[in-house]
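Given next are the chains, with one letter for each unit.
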Amino acid sequence: MAEFDLVLSNGRILDGCGNPWYRGDLAIQDGHIAAIGPVGRLHGRQTLDMQERFVAPGFIDIHTHSDLSILVNRRAESAVRQGVTTHVVGNCGMSPAPLSAGHLADMRTYWGEIAAQPEVTWLWQTFKDYLAVIQTGGVAINIASLAGHAALRLAVMGYADRAPSVTELAVMQSLLSEAMQAGAFGLSTGLVYPPGCFAGTDEIIALGKIAAAYNGFYASHIRGERETILEAVAEAIHIGCEAGLPVQISHNAPKFGAARDARANLALVDAARLQGQDVTVDNDVHTDLAPALLHALPQRF
Ligand SMILES: [Zn+2]
């Protein structure tokens, strides 16, 4: 019988295909998964008893802001030690690129103290250049970057509190197109922050169509998370529908909201999914959210 370099035995295997976990052994040969089998059937020069721990190819953290910190700490140990192997960055409308020279000061203001880190030098302008800076120095995890709507807007019209002109919108679209071609995974918005909050729904749909053309998805820090959260969830779903791309509602928790809002919120998402639309949410857990969430979740699961 073949002997592998390493067998992770008696684990609960999550294969990453959406299947429920199953008990098994997993063999590694030359740094790659070589076989998966029932417990006790695979033999290795070294065997580690997983004691029913989960064995997974790695987890994706869909919502991070590691865009600049990954350049400071390329080993990303805080992610790796949690089993996270991919960070999605560029969330909430914030990505460090594209960058126009005329609006560098706006961009630095936008990033605030994060941009003030002495280790971060803004050496790029295009999205492609930014990705190259990450790639060139090497990083311990995968980085999937979204193009931030705020970055696109700042590059073209700074903090102007108005709708873009036809020409300005066309330039934003072409910058987004460039970003998608360079490898961006989609478009993100932060609709409670300036300059994102100055954008109307139509502007986002027009940009969403560009991301859709490259099979990207739309991630949004929606326009309201308290009294107007239901309207904001509905807007995000509407944008996905009109632009024709999947929607990821970021940290979708009714902050300080009532349980009633949490149920209505998830009902909007369920209704869109029943219509065949690809809408998903992620969440961040705060202790002050627990009562509303605990109340809502049993209804769903
Ligand atoms: Zn956010």
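Residues numbered from 1 in each chain as written. Predicted model: local features only at pLDDT ≥ 70, side-chain atom pairs only at ≥ 80, totals over all residues.

Attention shifts here to the overall build of the protein chain. Regarding its fold elements, the protein chain presents 10 helices and 13 strands. Reported as C-alpha extents along the three principal axes, the dimensions of the protein chain are approximately 70 × 50 × 35 Å. Taking all 301 residues of the protein chain together, the buried fraction comes to 37%. In the protein chain, of all internal contacts separated by at least 6 residues, the share reaching a separation of at least 24 is 77%. (Helix = DSSP H or I, 4+ residues; strand = E, 2+ residues; numbered from the N terminus. Buried ≥ 20, exposed ≤ 12 C-beta atoms within 10 Å, placed from the backbone. Contact = placed C-beta atoms within 7 Å.)

Remark: a regular strand shows side chains that alternate across the two faces of the sheet. In terms of burial, strand 11 (residues 217-221) is a largely internal element, five of the five residues being buried. Going residue by residue along strand 11, you find Phe217, Ala219 and His221 tucked away on one face and Tyr218 and Ser220 tucked away on the opposite face as well. Direction of pairing for strand 10 (residues 186-190) relative to strand 11: parallel, over a ladder of five bridges. Residue pairing across strands places serine 188 opposite alanine 219, the latter belonging to strand 11. Following the chain from strand 10 across helix 7 (residues 201-213) to the adjacent parallel strand 11, one finds a crossover that is right-handed. Note that strand 11 and strand 12 (residues 247-249) share three bridges and pair parallel. (Pairing = 2+ DSSP bridges. Right-handed = clockwise from strand over helix to strand, strands pointing away.)

This next bit is on the packing of helix 5 (residues 149-157) against helix 6 (residues 166-182). Relative orientation of the contacting elements helix 5 and helix 6 amounts to 130 degrees, with a least axis distance of 9 Å. As the angle between them shows, helix 5 and helix 6 are arranged oblique. Helix-helix and strand crossings are classified by hand; for helix 5 and helix 6 the assignment is right-handed. Side by side, helix 5 and helix 6 meet where Leu152, Arg153, Ala155, Val156 and Met157 of the first sit next to Glu168, Val171, Met172, Leu175 and Leu176 of the second. A per-class count over the contact of helix 5 with helix 6 returns eight nonpolar, no polar and two charged. (Axes fitted to C-alpha atoms, helices over the stretch in contact; angles between N-to-C directions. Parallel < 35°, antiparallel > 145°, perpendicular 65-115°, else oblique. Left-handed = near helix turned anticlockwise from the far one by under 90°. Nonpolar A, V, L, I, M, F, W, Y, C, P; charged D, E, K, R; others polar.)

Another aspect to go through is the sheet that holds strand 10. The strand order across the open sheet formed by five strands is 9-10-11-12-13, and the pairing between neighbours is parallel. Of all the strands in the sheet, the pair left with one neighbour each is strand 9 (147-148) and strand 13 (279-281). In this fold helix 7 packs onto strand 10 and strand 11, with an angle of close to 155 degrees to the strand it touches most, strand 10. Packed onto the sheet, helix 8 (residues 229-243) meets strand 11, strand 12 and strand 13 and runs at close to 165 degrees relative to strand 12.

If you check helix 6, its first and last C-alpha atoms are 24 Å apart, about what 17 residues at 1.5 Å a residue would give, namely 24 Å. Buried residues of helix 6: Met172, Leu175, Leu176, Ala179 and Met180, and no others. Down the axis of helix 6, the buried side of the element spans an arc of 140 degrees, and every buried residue falls inside it. Residues of helix 6 that are exposed and point more than 90 degrees away from the buried face comprise Val166, Thr167 and Gln181. Buried-residue contacts for helix 6 involve helix 4 (127-137), strand 9, helix 5, strand 10 and helix 7. One or two steps after helix 6, the chain reaches glycine 183, where phi turns positive at roughly 125 degrees. (Expected span 1.5 Å × (residues − 1). Arc of directions from axis to C-beta.)

Of all hydrophobic cores here, the largest spans 57 residues; its most connected members are Leu146, Ala147, Leu152, Leu176, Ala211, Tyr218 and Ala236. Counting eight residues, the second largest nonpolar core, distinct from the first, contains Val7, Leu8, Ala27 and Met50. (Core = buried A, V, L, I, M, F, W, Y, C linked by C-beta atoms within 7 Å.)

The subject of this paragraph is the environment of glycine 216. When you line up the elements, glycine 216 lands in the loop between helix 7 and strand 11. Note on glycine 216: 23 C-beta atoms within 10 Å, which makes it buried. Discounting residues that sit within four places of it in the chain, glycine 216 has contacts with Met180, Ala184, Phe185, Gly186, Leu187, Ala211 and Leu245.

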